[in-house]
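Topology and contacts: notes
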Amino acid sequence: MKTKTILYKLSKKFPKSIAKKYYDFPGLQIGKLKNDINSILLCLDFDDIVFNYMKENDLFDKIDLIITHHPFIFGTYKQVLNNDPLKLELTNKMLEKDIPIYSYHTNFDEGKDGMNDALANKLNLLNIRPLISDPMARGGELEEEMDVQGFSKFAKERLNVAYGELIDCGNKIIKTVAIVGGGGWHSYLNAKNEGYDIFISGDIPHHGRRGVVLNHYNYLNLPHEIEKIFMEQMERNLLEIDASLKIYKVDHEELPKII
């Protein structure tokens, strides 16, 4: 299929206009787009591990486009490549291989059938909708209520991570849930004010945890890696556009070890 057709259809669901302009850098990262796309490689982050995977599996001549969630160049080219020699070296290697890299980040997080819809569906939530005060986050109801400890274990297992951190200073029974993947912890008050019993996100620092406690709320901190669901969700969107596309997925990011 024509590259411009695929990117146009993706842009209808995940337009750059909804990306968080003050800190995001989605879109074409490096390279020149080909006229046609037959095969796409998906990964959460493109790095040397993915490059070596492609080398070991003879994929350089098979891939027309790499799509990542997190932008490969997170900032301006000058800022990133002048300060990150490893990223500069990898950029040069990919330019030599002539494989472009394209990213869908906060526009994928917020867009319909994107990241947070996928996470909410994974939790089997009913009546999934964006939060009024934070359209990137999703809220919904459990089919059956659970106690806060039981729900937290359920969420950890459903989102396929080995551990989480629970602050259980709010309602002891969970019926309504709000979630945003990655480092969206700062939206916990949005969820609380809209009446959700618990908020799920990640990367919360000490002062954020203290805020949750002092606001008498429930917060489940899950690793940023729950966003690996990006691969299966983006694959689903791509195959709806063109079922003949060959999709490769590289799930290479491991959680830190608990010691």
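Read on for a plain summary of the structure.

Conventions adopted
- Residues numbered from 1 in each chain as written.
- Predicted model: local features only at pLDDT ≥ 70, side-chain atom pairs only at ≥ 80, totals over all residues.
- Heavy atoms only, no water.
- Salt bridge = Lys/Arg side-chain N within 4 Å of Asp/Glu carboxyl O.
- Helix = DSSP H or I, 4+ residues; strand = E, 2+ residues; numbered from the N terminus.
- Buried < 20%, exposed > 50% of the residue type's maximum accessible area, 1.4 Å probe, protein only.
- Pairing = 2+ DSSP bridges.
- Axes fitted to C-alpha atoms, helices over the stretch in contact; angles between N-to-C directions.
- Contact = heavy atoms within 4.5 Å.

Details of the pattern of salt bridges
Scanning the entire structure with this criterion turns up 11 salt bridges. Between Asp117 and Arg138 there is a salt bridge, with its nearest N and O atoms 2.8 Å apart. In this pair, Asp117 is assigned in helix H6 (residues 115-122) and Arg138 in strand E6 (residues 138-147), connecting sequence segments 21 residues apart. Owing to a relative accessible area of 12%, Asp117 belongs among the buried residues under this scheme. On the basis of relative accessible area, Arg138 is assigned to the buried category, the value being 3%. A salt bridge links Asp251 to Lys228, with the shortest nitrogen-to-oxygen separation between them at 3.3 Å. One end of the pair, Asp251, is in the segment after strand E11 (246-250); the other, Lys228, is in the loop between strand E10 (218-221) and helix H10 (229-241), and 23 residues separate them in sequence. Residue classification places Lys228 among the partly exposed residues on the basis of a relative accessible area of 24%.

A short note on the sheet that holds strand E3 (residues 65-68)
Spatially, five strands are ordered E1-E4-E3-E2-E11 in an open sheet, and the strand pairing comes out mixed. The open sheet has two edge strands with one neighbour each: strand E1 (27-30) and E11. Going across the sheet, the axis of each strand differs from the next one's by a mean of 30°, ignoring polarity. Pairing between strand E2 (residues 39-43) and E3: four bridges, direction parallel. Note that in E3 the partner of Ile40 across the bridge is Leu65. Lying over the sheet, helix H2 (residues 48-56) contacts E2, E3 and E11, oriented at roughly 145° with respect to E2.

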